[in-house]
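# Survey of secondary and tertiary structure
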2 protein chains.
Amino acid sequence: MTSDDKPISAAASIPGQKATLHDVAERVGVSPRTVSRVVNDEGGFSSATRERVLNAINELGYRPNLLARSLITNRSNTVAFVVPVIDDPFFPEVAQGVQAAARDRGLTMFLAVTEGRLELQRQVLERMASHGIDGLILFPHAEDLDDVARFAGQGLPTVVIDDALDHPNVCVVRSDLEHGVSLAVDHLRERGRTSLAMLANEASPRRKLRRETTFRSMVPNGIVVKSPPTFEAGYRATAELLAREERFDGLFAFNDVMAAGAITAIIDSGRSVPGDISVVGCDDIEMSALLTPGLTTIRIDRERLGAEAVSRLIQLRDSVTAPPASTLTVSLVVRESS
Amino acid sequence: MTSDDKPISAAASIPGQKATLHDVAERVGVSPRTVSRVVNDEGGFSSATRERVLNAINELGYRPNLLARSLITNRSNTVAFVVPVIDDPFFPEVAQGVQAAARDRGLTMFLAVTEGRLELQRQVLERMASHGIDGLILFPHAEDLDDVARFAGQGLPTVVIDDALDHPNVCVVRSDLEHGVSLAVDHLRERGRTSLAMLANEASPRRKLRRETTFRSMVPNGIVVKSPPTFEAGYRATAELLAREERFDGLFAFNDVMAAGAITAIIDSGRSVPGDISVVGCDDIEMSALLTPGLTTIRIDRERLGAEAVSRLIQLRDSVTAPPASTLTVSLVVRESS
DNA sequence: TCGGACTACGTCAACGTTGACGTAATAGGT
DNA sequence: ACCTATTACGTCAACGTTGACGTAGTCCGA
């Protein structure tokens, strides 16, 4: 407490080795438990002690070892975010939302990609569980939710995005795509379009069917074509549709990438967008504004989707009963393609 | 070992609680240490014991607690990947490369976004260090590498992508953008373009200057305009350039998004691409193929960049001396814009 | 038949932290 | 002056795992 407390254990301040509670305690002359109390601001220490501990922490560059802390508290302050793919404009933005919301709550985010492969998803979940994550946010594998249910059953708080799973430890977050479809259809009709077609997703797990179902119910005599959700597939499907001489003047696509393919196919066939056919996409990825013509689309606020998932996850973790599913609104962005 | 080893401690098989080495050991009738040996395949056990341990592990659903393991081995089997932004076509693909390479090596990836803010980068690195990551891969903040050097100095193996940092604990991975520029310039000249311009990045930290410097040295009397690396800024810069009546028939842009803005500006001014002006971008993001006209660009293999970073990180971690910097080749992708 | 090597275990402590609990000193009320 | 609270600590064990080391039993060669 006098001026000579600096030379004490000079070796401890070598920055190469990481300091522990013990090192700090020794330097200050208190017990590690007291240092811990200061670090966690638990109270039960004098302000003088606090000051000296804080100084020592600075001098030694002490950083709490979260692994040790987690081991005893059973809280790791990590969440896993699991997506089927990442090199796609949709998921990174959701990831951004998850990451930022997690960060602001003191959580660190693991990111894993399953490539849509069930065995990879299983491996990933297994590994995440071993790492003691506090929660899981995922776009589950289309066909099989059993693994997810299993982990949730083992007590892992889970948020499922854009899918449905009824389980006390699982909360669902989704965007209101039914409403999105209705916005698109209404918009096309307002534009005077009377024969509507839809480019639906070929792989049709439960969740992807929602858009198609809504479209069919709103447009009973509409054309529905299925294709994989890629640019090329969208191009091909549209080209075939045009070649078959099917008559339609309005097209709604499952996502923007397919819509872009459709527009290219329409133009290549000598028709014009929106002159002959109006096109509406879904997602509002960044590219959509840059296309020629700019793509009218259903905007999904992906960052908010991610943030909402984190928020629900926290509620799930901290409460006994699962919070209700939450549905985010979508909106129509009108550009030149319609 | 007779048939009555099933009823023993039936309560232990409740799936709700996670089993530990002790639980498995008790069920088999050996010590936890032996179970640990089987789990880690260390040897020192009979094949009969191995069998029974493995069975018990399955029945109890035992999963090793990586936190406890890390605490003692001082290896967490996690890496952090830190990027300035994620809602940009470039970084997710690098992330994909990092993630896949990490996964294949038994590592799990933390992902953090710094939004280009130095204080966020610091916070993130601090937190990652607390989580005991085995290594760090990052696109460092443009202006300031001190933080990175500090963490590396504390013994954290670090891989810096597309930047330079001379430190025994840091390895650099980059793509050969100098060569990329030379490919672009040569290509434009082969197309008969004689007056070349470049859209450079306004914010010019050391690493971003490389393309500009190479361009200037190859095209001594070329025009160089700086602007932020966004679509709108690229549009504006190009529009101004055209309005100033500067004569150029070939344009190389810092990245594809700027190039897309440039193309739009050129077309809006009544000129044609590539009729009047050829445009070459850089990155080959997915959008580039979908633009009209398709964008000629310098392809950077982003997944490989990420995979290479992981590979270097492992070398760095497992050896005494830092491996040399590695430079990935780039290639020219010719489309309709040139 | 003995010694050395090897096999197949077990024991104990430690990693860095926090929960539970104990306790000396001081303050405050009557 | 005495009892009770409160403050400011300290002690000890535990979290689940692995490193270091010990040890009975077996095998094999001389």
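Moving on, we get to the pairing of strand β10 (residues 296-299) of chain B. All names here are of chain B. Across 4 bridges, the pairing between strand β9 (residues 278-283) and β10 is parallel. Across the sheet, the residue bridging to Val280 is Thr296, located in β10. Here β10 runs beside strand β12 (residues 331-333); their pairing, made up of 3 bridges, is antiparallel. Among the inter-strand pairings, Thr297 is bridged to a residue of β12, identified as Val333.

We now examine the relation of the copies chain B and chain A. By a simple turn and slide, chain B fits onto chain A: the slide is 0.0 Å along the axis, the RMSD is 0.0 Å, and the turn is 180°. Overall, the copies show the geometry of a two-fold rotation axis. Residues of chain B ranked by C-alpha distance from the rotation axis are headed by Phe110 of chain B, positioned 2.1 Å from it. A share of 98% of interface residues in chain B that are also interface residues in chain A marks the association as one of identical surfaces.

Let us now look at the environment of Val185 of chain A. Residue and element names in this part refer to chain A. Turning to its location among the elements, Val185 is positioned in helix α8 (residues 177-190). Since its relative accessible area comes to 1%, Val185 is described here as buried. Note: C-alpha distance between Val185 and Leu196 (11 residues apart in sequence) is 8.0 Å. Dropping the residues within four chain positions of it, Val185 is found in contact with Leu196, Phe215, Met218 and Val219.

Counting from both sides, the interface comprises 46 residues of chain B and, opposite them, 45 residues of chain A. Between chain B and chain A, a total of about 4500 Å² is buried, with carbon and sulfur atoms accounting for 59% of that surface. Among the residues of chain B in contact with chain A, Arg63, Leu67 and Leu290 of chain B are the three that bury the most area, contributing 16% of the side total. For the pair chain B and chain A, the number of links is 4 salt bridges.

Around DNA strand D sit 25 residues, and of these Ser31 and Thr34 of chain A together with Leu21, Ser36 and Tyr62 of chain B come closest. Of all atoms in DNA strand D that approach within 4 Å of the protein, 58% are sugar or phosphate atoms. Thr49 of chain A has a polar side-chain atom sitting 2.8 Å from a phosphate oxygen of DNA strand D. A distance of 3.1 Å separates a phosphate oxygen of DNA strand D from a polar atom in the backbone of Asn65 of chain B. Broken down by secondary-structure element, the contributors of at least two residues to the surface near DNA strand D are α2 (32-39) and α4 (66-73) of chain A together with α1 (21-28), α2 (32-39) and α4 (66-73) of chain B.

Before going further, it helps to examine the domain arrangement of chain A. The domain boundaries assigned to chain A delineate domain 1 (3-64), domain 2 (75-175 + 302-329) and domain 3 (177-299). Here the C-alpha centroids of domain 1 of chain A and domain 2 of chain A sit 38 Å apart.

Quick look at the sheet that holds β12 of chain B now. All names here are of chain B. The 6 strands lie next to each other as β7-β6-β8-β9-β10-β12, forming an open sheet whose pairing is mixed. The open sheet is flanked by β7 (223-227) and β12, the only strands paired with a single partner. Within this sheet the neighbouring strands show an average axis-to-axis angle of 20°, counted without direction. Two strands pair when backbone bridges link them, and strand β6 (residues 196-201) and β7 are joined in this way by 5 bridges, in the parallel orientation. Bridge pairing links Met198 to Val224 in β7. Lying over the sheet, helix α8 (residues 177-190) contacts β6, β8 (250-253), β9, β10 and β12, oriented at roughly 165° with respect to β9. In this fold helix α9 (residues 209-218) packs onto β6, β7 and β9, with an angle of close to 160° to the strand it touches most, β6.

Take the pattern of salt bridges next. Residue and element names in this part refer to chain A. Applying the stated rule across the entire model yields 42 salt bridges over all chains. Between Asp134 and Arg317 there is a salt bridge; the shortest N-O distance is 3.8 Å. With Asp134 in the loop between α6 (118-130) and β3 (135-138) and Arg317 in helix α13 (residues 302-318), this residue pair connects regions lying 183 residues apart in the sequence. Owing to a relative accessible area of 8%, Asp134 belongs among the buried residues under this scheme. A relative accessible area of 24% means that Arg317 is categorised as partly exposed.

Reading guide: rules and limits
- Residues numbered from 1 in each chain as written.
- Chains lettered and ligands numbered in written order.
- Predicted model: local features only at pLDDT ≥ 70, side-chain atom pairs only at ≥ 80, totals over all residues.
- Heavy atoms only, no water.
- Pairing = 2+ DSSP bridges.
- Helix = DSSP H or I, 4+ residues; strand = E, 2+ residues; numbered from the N terminus.
- Least-squares fit on C-alpha atoms with pLDDT ≥ 70 in both.
- Contact = heavy atoms within 4.5 Å.
- Buried < 20%, exposed > 50% of the residue type's maximum accessible area, 1.4 Å probe, protein only.
- Buried area = accessible area lost by both parts, 1.4 Å probe.
- Salt bridge = Lys/Arg side-chain N within 4 Å of Asp/Glu carboxyl O.
- Near = heavy atom within 4 Å.
- Polar contact = N/O pair within 3.5 Å; in protein donor to acceptor, adjacent residues only side chain to side chain.
- Domains from an automatic or database assignment.
- Axes fitted to C-alpha atoms, helices over the stretch in contact; angles between N-to-C directions.

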